[in-house]
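Survey of secondary and tertiary structure
Chain by chain, the residues run as shown.
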Amino acid sequence: MFLFGRLSAPGRVAKKAPVIKLVIVSMMAQSCTAISGLSEKNDQSLALPQVRSESNGGEANVQKTTTSPDGRKKKPAAKHNLNGTASWYGPRFHGKKTASGEIYDQNKLTAAHKTLPLGSKARVTNLDNGSAVEVEINDRGPFIEGRIIDLSRAAARALGFVESGTAPVRVELIAEETASNN
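Model, not experiment: these values are computed from the prediction.

Secondary structure summary: the protein contains three helices and ten strands in total. If you list the helices and strands of the protein from N to C, you get α-α-β-β-β-β-β-β-β-β-β-α-β. The contacts of the protein with a sequence gap of at least 6 include a subset with a gap of at least 24, amounting to 64%.

Before going further, it helps to spend a moment on the pattern of salt bridges. Across all of its chains, the model carries one salt bridge by this definition. Among the salt bridges present, the one from K121 reaches E136, with a minimum N-O distance of 3.9 Å. In this pair, K121 is assigned in strand β7 (residues 121–126) and E136 in strand β8 (residues 132–139), connecting sequence segments 15 residues apart.

On the secondary structure map, R147 appears in strand β9 (residues 147–151). Overall, the relative accessible area of 26% leaves R147 in the partly exposed class. Sequence separation between R147 and S87 is 60 residues, and the spatial gap between their C-alpha atoms is 7.0 Å. Contacts of R147, omitting those with residues within four sequence positions, involve T85, S87, P142 and T166. Within the structure, the side chain of R147 is placed 3.4 Å from the side chain of S87, a separation counted as a polar contact.

For the rest of this paragraph, the subject is the nonpolar core. Of all hydrophobic cores here, the largest spans 20 residues; its most connected members are V124, V135, I149, L151, F161, V169 and V171. Elements that contribute at least two residues to this core include exactly β7, β8, β9, α3 (153–159) and β10 (166–178). Ranked by residue count, the leading element in this core is β10, at four residues.

Attention shifts here to the environment of V135. Note on placement: V135 falls in strand β8. Overall, the relative accessible area of 0% leaves V135 in the buried class. Those residues within four positions of V135 in sequence are excluded, and the remaining contacts are L109, T110, A111, S120, K121, A122, V124, L151 and A155.

Quick look at the side chain of S120 now. Relative to the elements of secondary structure, S120 occurs in the loop between β6 (110–112) and β7. Within the structure, the side chain of S120 is placed 2.6 Å from the backbone oxygen of P117, a separation counted as a polar contact.

Next up on the list: the pairing of β8. Of all eight residues making up β8, six are buried, and the element is well covered by its neighbours. Where β6 lies against β8, three bridges are found, and the strand directions are parallel. Residue A111 lies in a different strand from β8, and its bridge partner there is I137.

What counts as what
Counting starts from 1 at the beginning of each chain's written sequence and moves along it residue by residue. Given that the model is predicted, a residue must reach a pLDDT of at least 70 before its local features are reported, and side-chain atom pairs must reach 80 or more before they are shown or counted; all residues, however, enter totals for whole chains, interfaces and linings. As a rule here, side-chain values come from all non-hydrogen atoms in the structure, and water together with hydrogens is ignored. The numbering of helices and of strands both runs from the N terminus, where a helix is a DSSP run of H or I of at least 4 residues and a strand a run of E of at least 2. We call two residues in contact when some of their heavy atoms are within 4.5 Å. Salt bridge criterion: a side-chain nitrogen from Lys or Arg within 4 Å of a carboxyl oxygen from Asp or Glu. Residue exposure (1.4 Å probe, protein chains only): buried if accessible area is under 20% of the type maximum, exposed if over 50%, otherwise partly exposed. Whenever a nitrogen or oxygen atom comes within 3.5 Å of another N or O atom, the pair is scored as a polar contact, on the condition that within protein one atom can donate a hydrogen and the other can accept it, and that pairs from neighbouring residues in sequence are kept only if both atoms are in side chains. Here, nonpolar core means buried Ala, Val, Leu, Ile, Met, Phe, Trp, Tyr and Cys residues that are tied together by side-chain atoms lying within 4.5 Å of each other. Here a strand pair is declared whenever DSSP counts at least two bridges between the two strands.

What follows is the structure, encoded as structure tokens:
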């Protein structure tokens, strides 16, 4: 309470001291309330899976899942949009195992991405011509600097850039696959 003692020292205006004390006490109370609110949020996150949603001001929501016809569970994707350069890969990897464990088929609508969850779906839009395609992320890559996604030959054909090899694209995460509870 050294601060409070100096404020009421002789030669100072004693009337200001109670006001300053009140301000400091008020600030301390607000800090305690904020810390208490944070700890309550952390306790809730242990009980329920939550995601941050940019559309509702960053408040936490319980994540919902849906079941596809083949029995796999899918949860809505968090907002995830990227713009950059796409490339495609095909003949050299056709028939080989992907990071997800499935065999790569250049004729399916699949893609490789460094961080998107394996099994998730993404919409890729060619920014040059506006064409779009939905792909499943089943592999990791690309490993060439400046590229954000490697598409199968079929996906590149659908987007119209097989001949050029690369195209400027937007990648939007549509749905993430979750473990099946069957």
